[in-house]
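# Analysis of the macromolecular model
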Amino acid sequence: MSAAVPNWDVWKQSPAWLAFALACEIAAVVLPISDATRFPQHGMDWCWLGVLLVLGIGQAELSARIERMRRWMSGETHINMTSVWYLAGAVLLSPAMVSLLAGLLYLHLWIRVWRHVRARPPHRVAVSTAWALLSCFAASSVLRVTGLGSLDAGAPSTWQAAAIVLTAALVFELVNACLAATGIFLYGRKRSRQALFGTWSDNALETVTLCLGGLAALALVYQPVLVVLVLPPLLMLHRSVLVKQLEVAASTDDKTGLLNALAWHDSAQREYARAIRENRTFGVLMVDLDYFKRVNDTYGHVAGDVVLKAVADTLRGQVRDYDVVGRFGGEEFAILLPGTSESGAVVAGERIRGAIATMIVGVPIDGTQAEVDGLTVSIGCAVHPRAGDTLEKLLLAADTALYRAKSAGRNCVVSSTQTG
């Protein structure tokens, strides 16, 4: 077993990420233990812990299949629906006890769901667990330090109860978001807001689960039997999120994460209709990776897929947030440039061509890493309405310009209006 340890994926990560992950995991163990030794736990704490464990495990069991599919399809950001019970624990339990609750619920999810999904290596699950524990610990600690106290302490007024729940939710969300964003940045050096903090939909989903957590806690304190009413909407929410993820998966190219040809064409059709309605221009770039077959023949198809993903990431990084990038198949990509003139499309094409030319991609080969460089692309561009008064004509014009770029020696950008 010791001989396998050096080959673990965790050792391939940057020293900064390893140090951050280790610090989080140590803190997630030391802080709750220290709190438990300083502040004795009461019998009601154990009672609430048992109730929340039963509810959390019950909800996880009822939605295990859905959660397994969601985890398999999720990207960097994965909203764990059991955060409903984390927030309820934060307003009812001591920092040590809510940390124990989060740890036990994560352990159950790992045993019953996540270990069957190969999309997430164990070391990433471990650090995600540490972030959840620290977020719960922080939320409960802030309630203690500020004097707000737990929700079941005495008989808090309506406004005090609201302050307790909202404060805990805010602290939990801020701490969890900051820890996750730091980890994602150190792990993959991603800088975009969406990669670090998730989409607006991700954050809306997290807000909804925290709201349900607050309602669950209030129900447990004031009308315990009503807490069962939280489960049906939670399960339906879980299922609806899966449906949305399936819709996204159906429109996404699995190798690059870009839109597939059909989804890109749908976006282009909508942009064409908008351009006609608002009497404005838009451009299309057809991008083809030169001599890609050599990469597959030299390094293998797995390495070729890594190169395609790297090229796709570079394309997205060289265009605006609202430009639409898709993969048409093989090594051919298409980029939709709303509101772009012909000169702007050519400039964008040249920027992309230059960025691809400087790429150095690390690829796996025979158990080691090799570097692929010297990549080039040929690009054809066309702009509505000059290049065509229909979407089909515009695509044909861009494709013809791409063919001329290939014929001109590759590694160049050709506009549909260029002659020769």
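Basis of the calculations
Think of each chain on its own: its residues are numbered from 1, step by step along the sequence as written. In keeping with the predicted nature of the model, local features appear solely for residues at pLDDT of at least 70, side-chain atom pairs appear and are counted solely at 80 or more, and the whole-chain, interface and lining totals rest on all residues. With hydrogens and water set aside, each side-chain value is computed from the structure's full complement of heavy atoms. Secondary structure is summarised from DSSP: a helix means a run of H or I of at least four residues, a strand means a run of E of at least two, and numbering begins at the N terminus for each. Categorising residues by exposure relies on relative accessible area from a 1.4 Å probe, with only protein chains included: less than 20% of the type maximum marks a residue as buried, more than 50% marks it as exposed, and the intermediate range marks it as partly exposed. When checking whether two residues touch, look at their non-hydrogen atoms; a contact exists if any pair is within 4.5 Å. All accessible areas in this document rest on Shrake-Rupley with a 1.4 Å probe, and a residue is counted as covered only by the protein chains that are shown. His residues and chain termini do not enter the charge count, which takes Lys and Arg as positive and Asp and Glu as negative. For this purpose, a charge sits on NZ of Lys, CZ of Arg, CG of Asp or CD of Glu. For the purposes of this section, nonpolar cores are sets of buried Ala, Val, Leu, Ile, Met, Phe, Trp, Tyr and Cys residues that join through side-chain atoms within 4.5 Å. Strands are labelled as partners when DSSP assigns at least two bridges between them. Axes, fitted as lines to C-alpha atoms, cover a helix only where it is in contact. Angles between the N-to-C directions of the axes lie from 0 to 180 degrees. UniProt positions are given in the numbering used here, feature names are shortened, and annotations may be inferred rather than shown by experiment. Take the residue count of a helix, subtract one, and multiply by 1.5 Å to get its expected span. The directions from the helix axis to the C-beta atoms are what the arc is built from. Any carboxyl oxygen of Asp or Glu that lies within 4 Å of a side-chain nitrogen of Lys or Arg is treated as forming a salt bridge with it. By the criterion applied in these results, polar contacts are pairs of N or O atoms within 3.5 Å in which, for protein atoms, one can donate a hydrogen and the other can accept it, and in which residues neighboring in sequence qualify only through two side-chain atoms.

A count of helical and extended segments in the chain gives 15 helices and seven strands. Projecting the C-alpha coordinates of the chain onto the three principal axes gives extents of approximately 85 × 60 × 35 Å. Out of the 420 residues in the chain, the part that is buried amounts to 47%. Intrachain contacts of the chain at a sequence separation of at least 6 include 74% that bridge at least 24 residues. Taken as a whole, the chain presents about 20600 Å² of accessible surface, with 62% of it coming from carbon and sulfur. Distance between charge centroids for the chain: 1 Å, based on 36 positive and 34 negative side chains.

Ranked by size, the top nonpolar core spans 66 residues in total, and within it Trp 85, Tyr 86, Val 91, Leu 93 and Leu 151 carry the most contacts. Elements represented by at least two residues in this core include exactly helix H1 (15–38), helix H2 (43–62), helix H4 (83–92), helix H5 (95–112), helix H6 (122–146), helix H7 (158–188), helix H9 (200–222) and helix H10 (231–250). Trp 85 has contacts with Leu 52, Leu 55, Gly 56, Gln 59, Leu 101, Leu 105, Ala 216, Val 230, Leu 231 and Leu 234, leaving out every residue within four places of it along the chain.

This part is about the sheet that holds strand E2 (residues 324–329). By definition, the strands of a sheet pair up through backbone hydrogen bonds, in either a parallel or an antiparallel sense. Taken together, five strands build an open sheet; the order of strands is E2-E3-E1-E6-E7 and the sheet is mixed. Looking at which strands have only one partner, the edges of the open sheet turn out to be E2 and strand E7 (413–415). The average angle at which neighbouring strand axes cross in this sheet is 20°, direction not considered.

Below, the discussion takes up the UniProt feature "transmembrane region" (unreviewed entry) in the chain. Using the residue numbers shown here, the UniProt feature "transmembrane region" (unreviewed entry) corresponds to residues 16–34, 46–64, 84–111, 123–143, 163–187 and 208–235. Across residues 84–111, helical content stands at 93% and strand content at 0%; the span's end C-alpha atoms are separated by 20 Å. This span, residues 208–235, is 71% helix and 0% strand, and a straight line between its end C-alpha atoms measures 13 Å.

What follows covers H10. Look at H10: 29 Å from first C-alpha to last across 20 residues, which is about the 28 Å you get at 1.5 Å a residue. Along H10, the residues that are buried comprise Leu 231, Leu 234, Leu 237, His 238, Val 241, Leu 242 and Gln 245. The buried residues of H10 occupy an angular sector of 140° when the element is viewed end-on, so they sit on one face. In this structure, H10 carries Met 236 and Ala 250 as exposed residues pointing more than 90 degrees from its buried face.

All right, on to the pattern of salt bridges then. When the charged atoms of two side chains lie near each other, side chains of opposite charge can form a pair. Evaluated as defined, the whole model comprises 17 salt bridges. Of the charged contacts in the structure, one is a salt bridge between Lys 293 and Asp 297, with a shortest N-O distance of 2.8 Å. You can see Lys 293 and its partner Asp 297 sitting in helix H12 (residues 292–299), four residues apart, about one turn around the helix. As far as burial versus exposure is concerned, Lys 293 and Asp 297 are alike and both exposed. As a salt-bridge pair, Arg 320 and Asp 323 come within 2.8 Å of each other at their nearest N and O atoms. Arg 320 gets classed as partly exposed once you look at its relative accessible area, which sits at 31%.

So, on to the pairing of strand E4 (residues 361–365). Inspection of the sheet shows E4 paired to strand E5 (residues 368–372) by five bridges, in the antiparallel sense. When the bridges of E5 are listed, Pro 364 appears paired with Gln 369. Linking E4 back to E5 in an antiparallel pair, the connection comprises two residues, with Asp 366 at a positive phi of about 55°.

This brings us to the side chain of Asp 45. With respect to the secondary-structure elements, Asp 45 resides in helix H2. No salt bridge is formed by the buried Asp 45; its nearest oppositely charged neighbour, Arg 144, is found at 7.5 Å. Setting aside residues no more than four positions away along its own chain, Asp 45 makes contact with Leu 92, Leu 93, Ser 94 and Met 97.

Take the side chain of Thr 82 next. Residue placement: Thr 82 occurs in the loop between helix H3 (64–73) and H4. According to the relative accessible area criterion, Thr 82 is buried, its value standing at 3%. Side chain to side chain, Thr 82 and Tyr 86 meet in a polar contact 3.2 Å long.

Where E2 lies against strand E3 (residues 332–338), five bridges are found, and the strand directions are antiparallel. Paired with Arg 327 across the two strands is Phe 333, which belongs to E3. Counting the residues between successive antiparallel strands, the hairpin from E2 to E3 contains two residues, one of them, Gly 330, with a positive phi of roughly 60°.

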